[in-house]
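Examining the three-dimensional arrangement
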Amino acid sequence: DVADIPGVPAWLPEHLQEDGIEALYPPQAEAVERGVTGGANLVASVPTASGKTLIAELAMFSAITSGTDGADDHEGTADETVTDGTALYIVPLRALASEKREEFEQFEAYGLEVGVSTGNYESDGGWLADKDVVVATSEKVDSLVRNDAPWIDDLDCVVADEVHLVDDGERGPTLEVTLAKLRKRNPDLQTVALSATIGNAEALAEWLDAELVDSTWRPIDLKKGVHYGQALHLEDGNQKRLPVRDSEKQTAAIVRDTLEDDGSTLVFVNSRRNAEAAARRLASTTDPHLDGEERDRLAEIAAEIRDVSDTETSDDLAEAVEQGAAFHHAGLSREHRSLVEDAFQERLVKVISATPTLAAGVNTPSRRVVVRDWRRYDGTAGGMQPLSVLEVHQMMGRAGRPGLDPYGEALLLASNHDELDELFERYVWADPEPVQSKLAAEPALRTHILSTVASGFANSREGLLDFLEATLYASQTTEGGRLETVVDEVIAYLAANDFLTRADDEEGTLRATSIGQTVSRLYLDPMSAAEMLDGLREFERTAGQRASRSAPDGEQDGEPPGFEPASELVSDAGDDIGESDDTPQPTAMGLYHLVSRTPDMYELYLRSGDEEEYSMEAYEREDEFLGAMPSEFEEGRFEDWLSALKTARLLEDWADEIEEGTITERYGVGPGDIRGKVETASWLLNAAERLAGEVGLDVTPAIREARVRVEHGVRAELVDLAGVRGVGRKRARRLFATGIESREDLREAEKSVVLGALRGREKTAENILTNAGHRDPSMEGVTPTTPDGDPTG
Ligand code: ADP
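Residues numbered from 1 in each chain as written. Predicted model: local features only at pLDDT ≥ 70, side-chain atom pairs only at ≥ 80, totals over all residues. Heavy atoms only, no water.

**Considering the overall build of the protein chain**
- When helices and strands are counted, the protein chain shows 32 helices and 19 strands.
- In terms of overall dimensions, the protein chain is globule-like: its C-alpha atoms have a radius of gyration of 29 Å, near the 28 Å expected for 793 residues.
- Expressed as a percentage of its 793 residues, the buried residues of the protein chain come to 53%.
- Taking the contacts inside the protein chain whose residues are at least 6 apart along the sequence as the reference set, 69% of them involve residues at least 24 apart.
- Surface exposure of the protein chain reaches about 34,800 Å², of which carbon and sulfur atoms provide 43%.
- Side chains of the protein chain carry 78 positive and 157 negative charges; the gap between the two charge centres is 4 Å. (Helix = DSSP H or I, 4+ residues; strand = E, 2+ residues; numbered from the N terminus. Rg over C-alpha atoms; globule rule 2.2 N^0.38 Å. Buried < 20%, exposed > 50% of the residue type's maximum accessible area, 1.4 Å probe, protein only. Contact = heavy atoms within 4.5 Å. Areas by Shrake-Rupley, 256 points an atom, 1.4 Å probe, with all protein chains shown as cover. Lys, Arg positive; Asp, Glu negative; His and termini not counted. Charge placed at Lys NZ, Arg CZ, Asp CG, Glu CD.)

**Examining the site of the ligand**
- Residues in close proximity to the ligand total 13 residues, the closest being Ala23, Gln28, Ala49, Thr53 and Asn363.
- Ala49 is positioned with one of its backbone polar atoms (N or O) 2.7 Å from an oxygen atom of the ligand.
- Note that an oxygen atom of the ligand is positioned 2.9 Å from one of the backbone N or O atoms of Lys52.
- When isolated, the ligand has an accessible area of 560 Å², and the protein chains bury 75% of it. (Near = heavy atom within 4 Å. Polar contact = N/O pair within 3.5 Å; in protein donor to acceptor, adjacent residues only side chain to side chain.)

**Side note on the sheet that holds strand 4 (residues 133-137)**
- Pairing in this open sheet of seven strands is parallel, and the strands run 3-4-2-5-6-1-7 from one edge to the other. The open sheet has two edge strands with one neighbour each: strand 3 (114-117) and strand 7 (211-214). For this sheet, the mean angle separating the axes of adjacent strands, direction not counted, is 15 degrees.
- Contacts between helix 5 (residues 138-146) and the sheet are confined to strand 2 (86-91), strand 3 and strand 4, with strand 4 contributing the most and set at about 105 degrees to the helix. (Pairing = 2+ DSSP bridges. Axes fitted to C-alpha atoms, helices over the stretch in contact; angles between N-to-C directions.)

**Some points on unusual backbone geometry**
- Non-glycine residue Glu162 carries a positive phi angle of around 55 degrees.
- Inspection of the secondary structure assignment puts Glu162 in the loop between strand 5 (155-160) and helix 6 (172-185).
- Its identity is not glycine, yet Asp498 carries a phi of approximately 65 degrees, on the positive side.
- Its place among the elements puts Asp498 in the loop between helix 18 (482-496) and strand 18 (500-502).

**Some details on the packing of helix 10 (residues 292-308) against helix 12 (residues 334-345)**
- Packing of helix 10 against helix 12 leaves a shortest axis separation of 9 Å and a crossing angle of 170 degrees. When the axes of helix 10 and helix 12 are compared, the pair comes out roughly antiparallel. Between helix 10 and helix 12, the contacting residues are Ile301, Glu304, Ile305 and Val308 on the first element and Glu335, His336, Leu339 and Ala343 on the second.
- Classifying every residue of the contact of helix 10 with helix 12 gives five nonpolar, one polar and two charged. (Parallel < 35°, antiparallel > 145°, perpendicular 65-115°, else oblique. Nonpolar A, V, L, I, M, F, W, Y, C, P; charged D, E, K, R; others polar.)

**Observations regarding the pattern of salt bridges**
- Here the structure, examined in full by the defined rule, presents 52 salt bridges.
- Note that Glu105 is salt-bridged to Arg101, the shortest N-O span being 3.5 Å. Pair noted here: Glu105 and Arg101 are both in helix 4 (residues 94-105), with a separation of four residues, about one helical turn.
- What makes Arg101 partly exposed here is its relative accessible area of 29%. (Salt bridge = Lys/Arg side-chain N within 4 Å of Asp/Glu carboxyl O.)

Next comes the structure, spelled out in structure tokens:
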């Protein structure tokens with residue numbers, strides 16, 4: 001019974017009862033038995049949708065209110081709850097942070113304050129110190145630790161959600177090291193790790209020195225199976241007829257069959273594009289099943305969806321929703337997602353096609369789940385790769401709504417008999433894989449070893465090894481001496497690049513240099529920092545050589561900078577850089593290429609034909625590159641160079657005001673990819689500027705301009721205008737065409753001209769004038785003048 005949970009604040013049981021939670025689920029009860037409300041460390045490995053969130057809440061609320069006496073009759077009013085601590089909830093994805101915040105915000109009624117910290121590395125998040133519950137990604141927590149956020153030491157409880165993701169090559173190591181650091185800094189910190197069902201939960205428990213709840217209990221029965229031919233083949237050996245009509249796809253047949261039984265279906269696919277296409281197609285299956293009232297309500301929801309934003313995605317989604325189908329992926333806005341989830345929960349939307357990314361954090365159970373795609377494109381492995389059993393089981397776990405369905409059914413699709421057998425072997429009967437630390441990978445160790453030294457966790461080789469002993473990696477590795485070997489290699493690399501110094505003493509004292517400190521705080525892969533510094537230094541050196549070559553009397557080495565740049569450099573660089581400075585400056589292309597070849601940027605792949613095109617371009621623009629181009633005989637390196645060039649070209653196009661649609665077509669990417677590249681590039685350029693400044697390279701004006709241009713997607717002359725909030729690249733260009741060329745001009749502008757340039761949108765015009773600091777932004781009674789020669793018509 002929820003009234004008998006020891007250690008929790010007085011208001012909690014009643015709150016749970018109001019929520020319809022009368023008794024704890026068995027894994028939750030077991031967690032309490034093992035002391036989760038009394039400060040015990042705990043690993044909970046339980047299936048999807050079996051109430052992990054409540055386990056976390058029990059731990060966090062008891063940890064931060066301990067010390068107050070739960071027995072003196074608190075009635076749960078806001079000012080009565082006394083909290084004296086902070087709990088940290090670590091999520092694997094930014095998008096999940098807001099899901100969780102909303103979940104926890106219901107407790108603000110009891111006086112708890114919830115904060116979210118996701119963006120903006122390189123700050124100590126001081127304001128978070130006053131919160132009771134902080135939700136953050138592991139990257140963010142890592143950066144808070146690096147920036148020495150003092151409140152981190154006062155944490156009472158940390159929860160790691162989806163801890164099985166330590167297995168993930170990309171973000172796993174950060175989660176692993178961050179947990180290790182938090183626990184090292186604060187040995188009394190209660191650690192609660194939530195995991196999907198995995199093969200080696202006890203290894204995680206051992207690593208975290210934690211109690212273990214390892215359960216396969218689910219609130220509702222789950223039957224897994226495979227659809228093949230005209231039937232469902234279920235794991236219990238039963239078969240159910242489920243015919244596929246002519247010209248119908250398997251998924252549509254299953255959705256239709258479920259609908260005939262008045263149920264809904266969740267379909268998992270492997271990409272955003274596939275999710276959107278599937279929703280479009282399945283809409284024709286759901287549409288005939290809607291009654292008049294459902295249609296009306298769906299039309300209202302579709303209108304709300306269109307109101308959220310004026311984009312193609314929004315339109316596509318609304319269109320599908322009108323017919324009872326929807327798609328769901330991380331590219332949707334938060335508002336779109338909750339509209340879709342609510343409509344699905346109310347059974348108005350009958351099918352959702354989703355990518356699995358967010359599925360873990362979203363509570364959308366469904367009568368049936370179809371895992372349509374069990375392979376996914378994987379760039380590093382080159383081609384389609386099967387999903388892990390763990391992932392497929394997590395998706396399948398969404399089947400069955402407790403209290404509403406007798407059981408849930410989760411299905412894979414086979415197109416021939418061999419595949420039927422394969423899917424049973426591979427997923428239906430298989431156990432989830434054990435999770436395995438990925439910390440030993442070089443980039444991960446480079447980053448984390450530097451940050452561990454820079455933030456003072458370790459100041460010697462011995463200390464480092466000692467700290468690394470606290471990681472999952474150390475607890476899993478059996479190869480004696482392996483950790484030492486990699487650590488020595490990484491230390492040598494960091495020292496060679498002047499990020500660390502090694503003293504020649506017995507302990508092997510290590511110290512981060514000031515540049516090493518900066519690299520760590522900027523959250524850069526040290527290799528990215530090294531690449532950028534090398535490129536910028538090389539530029540200064542060769543620019544100097546060129547200049548001295550062209551100088552009349554053959555200058556000597558060691559000539560101070562300050563000479564004229566070589567002419568071939570000026571010609572391309574001319575419109576990219578400020579004129580006031582006569583130090584040679586790299587071109588925007590040179591800088592975009594430089595950041596594109598760092599390991600922190602995902603490069604675009606070369607498609608067939610690209611190699612030739614970009615080789616030619618590379619030779620034509622060789623002078624612009626920062627650093628020497630590899631020779632064609634170094635195949636791998638040369639290809640990387642070209643991929644970086646392709647990426648840099650995309651950035652250059654964007655900063656040259658090329659239309660978004662043209663860019664997506666030219667490079668075979670989506671609008672979200674452009675934004676992703678642009679964001680990464682501006683972050684890296686910002687870092688490059690800081691590094692250049694720190695080592696005294698005189699190229700910061702060009703870097704700043706290249707960054708601002710790519711940030712706003714504009715040419716140099718629009719940088720000032722586009723910086724006004726609400727203006728953006730298109731409006732800036734239109735304003736410019738009317739003669740309004742700067743923020744200052746905008747402040748003084750004739751209102752009718754502004755309104756004309758903004759095509760008569762009064763609200764927009766008012767906002768923009770306000771943001772520019774106009775004395776009287778009101779547009780009342782102003783009529784637009786359309787100036788001659790408006791290029792956009
Ligand atoms: P998980 O995080 O394990 O995927 P959730 O924590 O989202 O699962 O829980 C799934 C659903 O079960 C939620 O809607 C939650 O309110 C509900 N729930 C959790 N615990 C209980 C309980 N003891 N009794 C009834 N419902 C519960």
